[in-house]
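Observations on the three-dimensional arrangement
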Amino acid sequence: MNQEQRAASNEKCDPASTKAQQVTNNSSWTIEDSKQLYGVEGWGEPYFSVNEAGNITVSPQYPSSEVTIDLYELVQSLQKRNIGLPLLIRFSEILSDRIARLVACMQTAIAKYNYSGIYQGVFPVKCNQNRHLVEDLVRYGKPYNFGLEVGSKPELMIALAALETEPDGDYQPLLICNGYKDREYIETALLATKLGQKIIIVIEQPQELDLAWEISQKLAIKPILGVRAKLNTQGSGRWGTSTGDRAKFGLTIPQIVDVVNKLKTTGMRDCLQLLHFHIGSQISSIAVIKNAIREASQIYVQLAKTTGNMQYIDVGGGLAVDYDGSKSNFPASKNYNMQNYANDIVAQLKDACDMGQVSHPIIISESGRAIASHQSVLVFDILSANQVSVTTPQPLQESEHLIIRNLWEAYNSIDLNNYQETYNDAIQFREEAFNLFNLGYFSLTERARAEKLYWACCCKIAQIIHNINQSHPEQRNYIPDELKDLEQIMASIYYANLSIFQSIPDSWAINQLFPLMPIHRLQEKPIARGIIADLTCDSDGKLDTFINLRDTKPVLELHPLNQQPYYLGMFLVGAYQETMGNLHNLFGDTNLVHIQATTKGYRIKYVVKGDTVREVLNHVQYNSEDLRETMRCRTEIALQNNRLSLEEAQKLLQNYESSLSSYTYLKNS
Ligand SMILES: *Cc1c(COP(=O)(O)O)cnc(C)c1O
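Everything quoted here is computed from the prediction, not taken from an experiment.

1. A few points about the sheet that holds strand E2 (residues 56-58)
Read from one edge of the open sheet, three strands run E1-E2-E3, paired in antiparallel fashion. One side of each edge strand has no neighbouring strand; the edge strands of this open sheet are strand E1 (48-50) and strand E3 (69-70).

What follows is the structure, encoded as structure tokens:
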């Protein structure tokens with residue numbers, strides 16, 4: 001059954017709620033239960049929690065770990081300032097804390113293993129190129145000499161402007177140039193070194209070396225070069241193919257040997273100072289990271305010995321985020337913490353360098369996801385839900401058709417022992433009802449009656465399954481597969497004021513999971529089960545897989561809608577989602593605010609208004625002036641033909657005009 005069919009059948013029930021259950025369970029439900037249900041501690045610590053009022057809180061940690069912001073109150077106060085939903089909220093200080101944590105882990109590892117090099121991180125701009133974010137990042141990174149990594153010419157231009165220079169000062173952040181490069185890219189990077197910036201050009205393609213050599217001769221500027229190695233170590237998960245011979249990026253070992261020989265013959269041997277590798281993003285298993293660093297360390301040692309001026313090893317990105325909080329090697333998780341990651345890198349490098357008798361290099365990492373994810377929260381409202389209600393079917397009339405009688409009997413006989421068999425019967429009776437209808441032997445009312453009875457059966461069965469899940473989890477495996485989907489089939493659809501394609505593209509494109517939960521009413525038991533449908537007219541615009549400690553779950557526990565607005569938060573969305581989003585159905589960028597934590601609470605630092613209809617139309621080459629003029633001409637003709645009144649014409653044109661300047665999402669009126 002598809003969503004449309006489900007939406008059409010208004011006979012719904014909530015498998016989790018019989019009236020009695022509702023009363024007893026609700027009184028004993030606590031915010032601790034909510035925290036556990038949604039796994040807040042697993043994915044949210046130390047930034048997100050739940051307060052006494054049952055609202056999500058945000059503790060950006062800096063300037064003080066005491067500062068907590070009530071997310072629900074924040075959203076309400078933003079709405080009073082006319083900043084509507086959906087809304088992306090950035091908590092800038094979380095960024096600062098993420099950088100500080102990564103640096104601290106690296107420094108702890110360096111001290112622990114007596115490593116003599118230092119750590120100098122860079123942030124990969126592609127992870128989130130938005131100006132306010134990059135500027136914050138540069139500012140927060142300053143005490144740690146944190147730099148930037150770029151993978152294209154536009155990103156290079158961002159980084160050149162964003163990183164301040166202090167040619168003779170202590171602040172010497174690195175600018176790592178990855179990605180495919182043309183003449184202009186390399187020339188710009190080389191010339192910018194004259195501004196005092198420390199720029200390293202990483203050779204990703206053999207021909208880039210020739211280009212770099214030629215340009216550096218012409219400009220008489222000596223480059224600092226790196227090579228990106230294709231490791232043999234296999235990555236894992238989605239980005240597993242970022243390594244190996246068939247990887248898109250980097251040089252194979254024979255190609256690296258060629259580069260070294262070329263550098264020797266051109267007298268540029270000492271220009272090669274860095275070895276880079278990147279085995280993919282969201283590496284869930286520490287074993288994969290260990291293997292990669294082991295191989296890369298050996299390459300580094302060999303290069304250091306042959307070229308004589310190696311200084312840096314750049315371990316790329318890959319440091320994962322625990323989206324489901326399970327601390328496992330599921331794709332949405334990771335089976336290690338930041339300190340394990342740092343320890344493994346430092347320990348392996350030290351061993352290899354000591355054995356090969358080369359000095360310990362400066363360690364660079366390009367963590368994007370691990371730095372940028374936590375600071376953004378997407379908050380959206382629910383417009384409506386095809387809400388569930390347990391309605392008992394009307395009693396059977398003597399005269400009713402045999403099929404109806406069969407369904408009625410099935411409905412009345414369902415129990416723990418026969419629920420699977422009865423489920424199959426009900427399906428068959430409903431099929432027969434459809435056939436009778438198609439052949440003209442069943443009226444619309446009879447068909448409606450049959451469908452209602454069928455849904456009543458499903459509801460009863462779903463309640464039985466729900467009770468097994470709740471009270472006897474050990475028996476879960478005995479639930480027949482065909483019935484496991486019933487909970488999802490019976491779930492309510494919550495219609496969200498949101499475009500998944502714009503705001504969480506990875507959820508659609510690569511089935512990535514993000515923590516999702518209500519940001520208020522958490523002192524109340526969420527007795528409904530729902531999936532989320534977005535505003536787009538695309539059946540892929542939905543969320544029907546949710547994080548869970550064991551595996552995933554097909555429905556999300558939600559609260560029945562009441563008279564108040566209902567807000568959901570999607571967390572850890574700060575990496576990759578923003579610029580990869582698209583204009584499906586012409587839903588544009590959402591509103592965006594930057595919240596700065598202060599000891600007194602918070603301050604709204606920046607507001608970036610989301611796209612207006614005019615802006616998205618412009619994007620697909622419609623000029624709003626032309627559109628308006630076309631509409632004006634149409635109304636004139638209609639007026640002449642007496643098809644509408646002057647007042648109606650004015651109203652239509654005013655609406656058209658005001659829609660052009662409004663937000664692309666729905667207004668909560
Ligand atoms: C994407 C990318 C990164 C960032 O990876 P994360 O897993 O987000 O940390 C780092 N380096 C390179 C070369 C990349 O392409």
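Having put the structure on the table, let's press on.
2. Topic: the site of the ligand
The full set close to the ligand counts 16 residues, and Lys-126, Ser-281, Glu-366, Gly-368 and Tyr-576 are the nearest of them. At 2.6 Å, a side-chain N or O of Lys-126 approaches an oxygen atom of the ligand. Measuring from an oxygen atom of the ligand, one finds a backbone N or O atom of Gly-318 at 2.9 Å. Within the complex, the protein chains bury 92% of what would otherwise be the 390 Å² of accessible surface of the ligand. Classifying every residue of the shell around the ligand gives two nonpolar, nine polar and five charged.

3. Details of the UniProt feature "domain: Arginine decarboxylase helical bundle" (unreviewed entry) in the chain
The feature "domain: Arginine decarboxylase helical bundle" (unreviewed entry), as given by UniProt, occupies residues 397-474 in the numbering adopted here. End C-alpha to end C-alpha, residues 397-474 measures 42 Å, and it is 77% helix and 0% strand.

4. So, the environment of Ser-77
Relative to the helices and strands, Ser-77 is located in helix H5 (residues 71-80). At 3.0 Å, the side chain of Ser-77 forms a polar contact with the side chain of Arg-81.

5. Description of the sheet that holds strand E11 (residues 312-314)
Within a beta sheet, neighbouring strands are joined by backbone hydrogen bonds and run either parallel or antiparallel to one another. Across the sheet, eight strands lie side by side as E5-E6-E7-E8-E9-E10-E11-E12; this open sheet has parallel pairing. Edge strands, defined here as strands with exactly one partner in the open sheet, are strand E5 (122-124) and strand E12 (362-364). With direction set aside, neighbouring strand axes in the sheet form an average angle of 25 degrees. As defined by bridge partners, strand E6 (residues 147-150) adjoins strand E7 (residues 174-177) across three bridges and the pair is classed as parallel. Across the sheet, residue Leu-148 finds its bridge partner in E7, namely Leu-175.

6. Observations regarding the nonpolar core
Phe-123, Leu-148, Leu-175, Leu-225, Leu-275 and Leu-303 are the most contacted members of the largest nonpolar core, which totals 90 residues. Top element by residues in this core is helix H12 (residues 286-307). It accounts for 11 residues. Aside from chain neighbours lying at most four places away, what touches Leu-303 is Val-227, Ile-256, Val-260, Leu-272, Leu-275, Gly-308 and Met-310. Ranked by size, the runner-up nonpolar core spans 64 residues in total, among them Val-40, Ile-69, Ala-385 and Leu-558.

7. Some words on the UniProt feature "domain: Arginine decarboxylase C-terminal helical" (unreviewed entry) in the chain
When the UniProt feature table is mapped to this numbering, "domain: Arginine decarboxylase C-terminal helical" (unreviewed entry) covers residues 613-666. Along residues 613-666 the backbone is 72% helical and 0% strand, and the end-to-end C-alpha distance reaches 12 Å.

8. Observations regarding the environment of Ala-370
Relative to the helices and strands, Ala-370 resides in helix H14 (residues 369-372). Judged by its relative accessible area of 1%, Ala-370 falls in the buried class. When the C-alpha atoms of Ala-370 and Asn-309 are compared, they prove to be 31 Å apart, with 61 residues separating the residues in sequence. When sequence neighbours within four positions are dropped, the list of residues in contact with Ala-370 reads Arg-98, Leu-319 and Val-321.

9. Re the pairing of strand E23 (residues 601-608)
Two elements, strand E22 (residues 591-598) and E23, share seven bridges in a ladder whose sense is antiparallel. Looking across to E23, one finds that Thr-598 is bridged to Gly-601.

10. Focus: the packing of H12 against helix H13 (residues 338-356)
Viewed as axis vectors pointing N to C, H12 and H13 meet at an angle of 30 degrees, and their least axial separation amounts to 9 Å. Relative to H13, the element H12 lies roughly parallel. Judged by the sense of rotation from one axis to the other, the crossing of H12 with H13 is right-handed. Residues Ile-286, Ile-289, Lys-290, Ile-293, Arg-294, Ser-297, Gln-298, Tyr-300, Val-301 and Lys-305 of H12 form the contact with H13, whose own contacting residues are Asn-340, Tyr-341, Asp-344, Ile-345, Gln-348, Leu-349, Ala-352, Cys-353 and Gly-356. Per-class residue counts for the contact of H12 with H13 are 10 nonpolar, five polar and four charged.

11. Quick word on the pattern of salt bridges
Under the counting rule described, the total for this entry stands at 27 salt bridges. The closest approach of N and O atoms between Lys-605 and Asp-136, which form a salt bridge, is 3.5 Å. Here the residue Lys-605 occupies a position in strand E23, and Asp-136 occupies one in helix H7 (residues 131-141), the gap between them amounting to 469 residues. Of the residues examined, Lys-605 reaches a relative accessible area of 22% and is grouped as partly exposed. Here Asp-182 ties to Lys-153 by a salt bridge, and the two come within 2.9 Å at their closest N and O atoms.

So, how was this worked out
Residues numbered from 1 in each chain as written. Predicted model: local features only at pLDDT ≥ 70, side-chain atom pairs only at ≥ 80, totals over all residues. Heavy atoms only, no water. Pairing = 2+ DSSP bridges. Helix = DSSP H or I, 4+ residues; strand = E, 2+ residues; numbered from the N terminus. Near = heavy atom within 4 Å. Polar contact = N/O pair within 3.5 Å; in protein donor to acceptor, adjacent residues only side chain to side chain. Areas by Shrake-Rupley, 256 points an atom, 1.4 Å probe, with all protein chains shown as cover. Nonpolar A, V, L, I, M, F, W, Y, C, P; charged D, E, K, R; others polar. UniProt positions renumbered as here; feature names shortened; annotations may be inferred. Axes fitted to C-alpha atoms, helices over the stretch in contact; angles between N-to-C directions. Core = buried A, V, L, I, M, F, W, Y, C linked by side-chain atoms within 4.5 Å. Buried < 20%, exposed > 50% of the residue type's maximum accessible area, 1.4 Å probe, protein only. Contact = heavy atoms within 4.5 Å. Parallel < 35°, antiparallel > 145°, perpendicular 65-115°, else oblique. Left-handed = near helix turned anticlockwise from the far one by under 90°. Salt bridge = Lys/Arg side-chain N within 4 Å of Asp/Glu carboxyl O.

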